[in-house]
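Notes for the structure review
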Amino acid sequence: MPKINKYVDIDTVEREAKKDLIDRHSPFIHCEDTAKAGEMFSITVKMGNEYTHPDDFDHYIANMSLFNGETLLARADFTPGALGNIKSHAQVTFNIIPTGKKLKLTAQAYCTKHGIWESTETVVEVTE
């Protein structure tokens, strides 16, 4: 089983190099706090908040996955150089139809050099 790295609040980290590594490798979930059951709901997963990740042929984000608890909802795969070999925020918007009373969303991303990184959980209330 591969190690899963988790986001640490970079405000608590002293060294700039460590802040850079943690932030650029962490997926961040952007979505509304509530969703309507049975209606399309958009969730954007973006790599890095303050720092961008490289898109080199030997160091890039290979994929991003979105989970509701332990259930895989969606996954996007990336080709190296698709962002033009620049430091950029890899991001993808997933559209789902929510069910149940709440979503417990977590994103994971795979960096070809630094492994799997996981976001903090985002809870979305699902209304009728």
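Structure first, text after, so check above.
Summarised in this report is the structure supplied together with it. Quantities reported herein were computed from a predicted structural model and do not represent experimental measurements.

**Observations regarding the side chain of Ser65**
- Here Ser65 shows up in strand E5 (residues 61-68).
- Of the residues examined, Ser65 reaches a relative accessible area of 8% and is grouped as buried.
- Other than its neighbours up to four places away in sequence, Ser65 contacts Leu72, Ala74, Arg75, Thr106, Ala107 and Gln108.

**Overview of the pattern of salt bridges**
- Taken as a whole, this structure holds 3 salt bridges when the rule is applied.
- Salt-bridge contacts for Glu118 lead to Lys6; the nearest nitrogen and oxygen are separated by 2.9 Å. One end of the pair, Glu118, is in strand E9 (residues 115-118); the other, Lys6, is in strand E1 (residues 4-6), and 112 residues separate them in sequence.

**Section: the nonpolar core**
- Within the largest apolar cluster, 22 residues are counted, with the highest numbers of intra-cluster contacts made by Val45 and Met64.
- Broken down by element, this core gets its largest block of residues, 5 residues, from strand E8 (residues 102-111).
- Among all residues touching Val45, those that are not within four sequence positions of it are Pro27, Phe28, Ile29, Met64, Leu66, Ala90, Gln91, Val92, Phe94 and Ala107.

Cut-offs applied
Residues numbered from 1 in each chain as written. Predicted model: local features only at pLDDT ≥ 70, side-chain atom pairs only at ≥ 80, totals over all residues. Heavy atoms only, no water. Helix = DSSP H or I, 4+ residues; strand = E, 2+ residues; numbered from the N terminus. Buried < 20%, exposed > 50% of the residue type's maximum accessible area, 1.4 Å probe, protein only. Contact = heavy atoms within 4.5 Å. Salt bridge = Lys/Arg side-chain N within 4 Å of Asp/Glu carboxyl O. Core = buried A, V, L, I, M, F, W, Y, C linked by side-chain atoms within 4.5 Å.

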